[in-house]
Amino acid sequence: MNHRSGFVNILGKPNVGKSTIMNALVGEKLSIITSKAQTTRHRIMGIVNGDDFQIVYSDTPGILTPKYKLQESMMNFVNTALTDADIILYVTDVTEKDRDDTGYAEKIIGSGIPVIVAVNKIDLTNQAELEIITAVLREKFTEAPVIPVSALTGFNLDTLLNAILSRLPEGEPYFPKDQLTDRYERFFASEIIREKILLNYQKEIPYSSEVEIDSFRDEKDLLSIRAIVHVTRDSQKGIVIGHKGEKLKLTGTQARKDMEDFFGKKVFLELYVKVTKDWRDKPQVLKRFGYRNNE
Ligand SMILES: Nc1nc2c(ncn2[C@@H]2O[C@H](COP(=O)(O)OP(=O)(O)OP(=O)(O)O)[C@@H](O)[C@H]2O)c(=O)[nH]1
Ligand SMILES: [Mg+2]
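As a starting point, this report considers the structure included with it. (Residues numbered from 1 in each chain as written. Chains lettered and ligands numbered in written order. Predicted model: local features only at pLDDT ≥ 70, side-chain atom pairs only at ≥ 80, totals over all residues. Heavy atoms only, no water.)

For the rest of this paragraph, the subject is helix H2 (residues 69-83). With 15 residues, H2 extends 21 Å from end C-alpha to end C-alpha; this agrees with the ideal 21 Å at 1.5 Å per step. Inspection of H2 places Leu 70, Gln 71, Ser 73, Met 74, Met 75, Asn 76, Phe 77, Val 78, Ala 81 and Leu 82 among the buried residues, and these make up the whole buried set. On its buried face, H2 is in contact with strand S1 (4-12), strand S4 (87-93), helix H3 (104-110) and helix H10 (283-288). (Helix = DSSP H or I, 4+ residues; strand = E, 2+ residues; numbered from the N terminus. Expected span 1.5 Å × (residues − 1). Buried < 20%, exposed > 50% of the residue type's maximum accessible area, 1.4 Å probe, protein only. Contact = heavy atoms within 4.5 Å.)

So, on to the sheet that holds S4. Taken together, the six strands give an open sheet; going across it, the order is S2-S3-S1-S4-S5-S6, and neighbouring strands pair in mixed fashion. Edge positions in the open sheet fall to strand S2 (44-49) and strand S6 (146-148), since each of these has one partner strand only. Between one strand and the next, the sheet's axes are offset by a mean angle of 25 degrees, whatever the strand orientation. Pairing between S4 and strand S5 (residues 115-120): six bridges, direction parallel. Within the sheet, the bridge partner assigned to Tyr 90 lies in S5 and is Val 117. (Pairing = 2+ DSSP bridges. Axes fitted to C-alpha atoms, helices over the stretch in contact; angles between N-to-C directions.)

Take the sheet that holds strand S7 (residues 210-219) next. Across the sheet, which stays open at both edges, the three strands sit in the order S7-S8-S9 with mixed pairing between neighbours. Since the sheet does not close on itself, it has two edges, and those belong to S7 and strand S9 (266-275), each with one partner. On average, adjacent strands in this sheet sit at an angle of 15 degrees to one another, irrespective of strand direction. Where strand S8 (residues 222-231) lies against S9, ten bridges are found, and the strand directions are parallel. Across the sheet, Ile 225 pairs through a bridge with Leu 269, a residue of S9. Sitting on the sheet, helix H8 (residues 234-241) touches S8 and S9, and the angle it makes with S9 is about 150 degrees.

In this section: the coordination of the magnesium ion (ligand 2). Bound to the magnesium ion (ligand 2) on the protein side are Ser 19 (OG) and Thr 40 (OG1), at distances that span 2.0 to 2.1 Å. Separated by 21 residues along the polypeptide, Ser 19 in helix H1 (residues 18-26) and Thr 40 in the loop between H1 and S2 bring together distant segments of the chain. The class of Ser 19 is buried, set by a relative accessible area of 8%. The class of Thr 40 is buried, set by a relative accessible area of 7%. (Donors = N, O, S within 2.8 Å, 3.2 Å for Na, K, Ca; no water.)

Here Asn 156, not a glycine, exhibits a phi torsion of approximately 70 degrees, which is positive. Non-glycine residue Lys 220 carries a positive phi angle of around 65 degrees. Counting through the fold element by element, Lys 220 comes out in the loop between S7 and S8. Residue Lys 220 is classed as exposed on the basis of its relative accessible area, which comes to 68%.

Formed by 52 residues in total, the largest nonpolar core has its most connected members in Tyr 57, Leu 89, Leu 160, Ile 193 and Met 259. Residue contributions to this core peak at six residues, all from helix H6 (residues 185-200). Excluding residues that lie within four positions of it along the chain, Leu 89 makes contacts with Val 8, Asn 9, Ile 10, Leu 11, Ile 21, Leu 25, Ile 116, Ala 118 and Leu 160. One finds Tyr 68, Ile 113, Val 117 and Val 285 within the second-largest nonpolar core, a separate group that totals 34 residues. (Core = buried A, V, L, I, M, F, W, Y, C linked by side-chain atoms within 4.5 Å.)

See below:
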């Protein structure tokens, strides 16, 4: 049989479990996961190889109506992913209420690209409810298989994988077969820190924070990393640092432990907090942080 290969772009509203699904399908924690919406801000590739296939997944930010430039850039990642997919894996979950207040499902259907719909988090519902949800989706996505899954328990991910494989176009691999992702170590280091910020802080702090890796030195037995947490306003700096620096210290310790697992090495991590006023709306700063905007 000929070799097959293609881009499977994972799209859907925030918090439905896109990143959890990609990590489960790839078998590595490439994307950070939290219970807060808008955890993913970039497009992150995860590559899975078989003897006769290569699947290039792209995890993307959740679809939303942008309110500031950072979110515009997040939606640019989504829009590109809509145009360069061989297969769109549209993820929804059993708790998503208004299934399409952005009108994006229509855009996906109208793209003419083969779609697979995954209904995630079925561990949170029962058969009767699930049947109602899938019926509504089948009515909307008439050409697409609608596959109930639980990324958390792994339930039915094999069916999802088979649906992907059966639609994968013929072609040579796009990436070397030992390559796992398109991102560098620095990116994963910054994301691991951001995950802990999402976890440890409430209200606007997670949405106002960005992590920049200031230096990343690989010293044989030790990774030495210095990172800056950028916040948008003066008042946020103290909150991030916390009383006697305890909160930032906790965040750093948690991040360091995860990094040691991820990189398989001892890590020395220094964290600083800096106010970079309104960074979320400044094109030059956003560019430095790895976001693109259509200007
Ligand atoms: N119960 C249950 N929870 C899940 C499942 N899959 C993901 N979650 C949880 O749902 C939350 C969101 O998961 P993510 O994978 O970060 O969702 P996302 O769609 O990537 O979210 P954004 O990046 O914000 O767009 C996390 O708390 C996950 O643990 C599932 O199958 N069952
Ligand atoms: Mg995500």
